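Here's the letter readout for the chains.
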Amino acid sequence: MISALPRRRTLLAASTATVLALLVSGCGIGEGDAHRIRVGVSGDSPEWDVLAKEAKKEGLTVETVVFDDYSLPNKALSAGDIELNAFQHLVFLAQSNTENKTDIAPIAATTVVPLGLYSGKHEQLADLPDRAEITLPNDPANQGRGLRVLEAAKLIELRKDAGLFATPDDITANPKHVKLTAVNAQQTPRTLKDADAAIINDGVAELAGIKADTALFKDDPAGPQSVPYLNVIAARADQKDDADYQKIIKLYASQVVQDEVRRTSNGTAHHIELPAADLQAEVARIQKQLKR
């Protein structure tokens, strides 16, 4: 998600240019790489380093491929340049499938994390001034959730039928006259220099050195409304039942990997296990909503 590389690890740092080169070349797994699994991630993902060590005991070689742009991991997966990715929630996946006419399926839930409202100028939600300037992600999936966070914080009200993909046009009440500006999700931390507050994804906040406990307000990651925002491991639909991928799913749920998830997320990430069929049904439901 950012251009700076994480700490030392076995990876391919994939920027826009390198991914386009991969897509043009059409490179894929060779005959000698039957048990090599490349997993697309966004930013530093140390739990996958732990998983890779455990996977070696299962005869699998797991490599992480770091992307600096949310739009790229699904394109790389669909093109066959990676085997799995683990960077997105169900709403984002549904949106991506619909927009790009791809058939990528969630095969396991990983975690759900809170979405927070942060500020570099104000210490409490009540400190936000009238006409406060607030930035939020511009992609439909995260913008809709961000608006729900602002509604839960009682800064705005939305139409009851706004759905998962609410936009600022769905705002029916704005008692503090907040001014909203949509920017690229990865750029939201930078706006804190000028804006009064920003909706920042947990992973983006972590990479920017923003502590989760400094949020002015966060949604509840354990609530039923968070199901669409479960982060998932995804595969091409025609390979979703691959036996090696099932091993990866079990390894992700293992104690040693989950300990690392809790350590690196400061306890903010909630691991949730749901059957793959339920996750796929949820994606289908969200995609229907998108097509209305």
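Up top you'll find the structure we're talking about.
Fair warning: this is a prediction, and the values are worked out from it, not measured in the lab.

### Description of the environment of His271
Inference 1: The topology assignment puts His271 in strand 15 (residues 270–271).
Inference 2: For His271, a relative accessible area of 26% translates into the label partly exposed.
Inference 3: Each C-alpha atom, one on His271 and one on Ala253, is 8.2 Å from the other, the two residues being 18 residues apart in sequence.
Inference 4: Once you skip the residues sitting within four places of it in the chain, His271 turns out to touch Ala109, Thr110, Thr111, Tyr252, Ala253 and Gln258.
Inference 5: From its side chain, His271 meets the backbone oxygen of Thr110 in a polar contact 2.6 Å long.

### Quick look at the pairing of strand 5 (residues 104–109)
Inference 1: Within strand 5, six of the six residues are buried, which leaves it mostly tucked inside the rest of the structure.
Inference 2: Of the pairings in the sheet, the one linking strand 5 to strand 14 (residues 231–236) comprises five bridges and is antiparallel in character. Across the sheet, residue Ala109 finds its bridge partner in strand 14, namely Val232.

### Examining the sheet that holds strand 8 (residues 133–137)
Strand pairing within a sheet occurs via backbone hydrogen bonds; the two strands may be parallel or antiparallel.
Inference 1: Spatially, 11-8-12-7-13 is the arrangement adopted by the five strands of the open sheet, whose pairing is mixed. Taken across any chain shown, the strands that pair with only one partner, and hence form the sheet edges, are strand 11 (179–183) and strand 13 (217–218).
Inference 2: Note: strand 8 against strand 11, five bridges, orientation parallel. When the bridges of strand 11 are listed, Ile134 appears paired with Leu180.
Inference 3: Running at roughly 140 degrees to strand 8, helix 5 (residues 140–152) makes contact with strand 7 (116–118), strand 8, strand 11, strand 12 (197–200) and strand 13 of the sheet.

### A few points about the nonpolar core
Inference 1: In terms of nonpolar packing, the biggest core is built from 36 residues, with Leu90, Val91, Tyr118, Ile200 and Ile286 touching the most fellow members.
Inference 2: Sorting the residues of this core by element identifies strand 3 (61–67), helix 3 (72–79), helix 4 (90–100), strand 5, strand 12, helix 6 (202–207), strand 14 and helix 9 (276–291) as the ones contributing at least two each.
Inference 3: What Val91 contacts, discounting residues up to four positions off in sequence, is Ala141, Leu164, Phe165, Pro228, Tyr229 and Ile286.
Inference 4: Among the nonpolar cores identified, the runner-up in size contains 26 residues, and Val50, Ala235, Ile249 and Val261 belong to it.

Scoring rules and cut-offs
- Residues numbered from 1 in each chain as written.
- Predicted model: local features only at pLDDT ≥ 70, side-chain atom pairs only at ≥ 80, totals over all residues.
- Heavy atoms only, no water.
- Helix = DSSP H or I, 4+ residues; strand = E, 2+ residues; numbered from the N terminus.
- Buried < 20%, exposed > 50% of the residue type's maximum accessible area, 1.4 Å probe, protein only.
- Contact = heavy atoms within 4.5 Å.
- Polar contact = N/O pair within 3.5 Å; in protein donor to acceptor, adjacent residues only side chain to side chain.
- Pairing = 2+ DSSP bridges.
- Axes fitted to C-alpha atoms, helices over the stretch in contact; angles between N-to-C directions.
- Core = buried A, V, L, I, M, F, W, Y, C linked by side-chain atoms within 4.5 Å.

Everything listed here is a matter of coordinates, which is why it stays silent on function.
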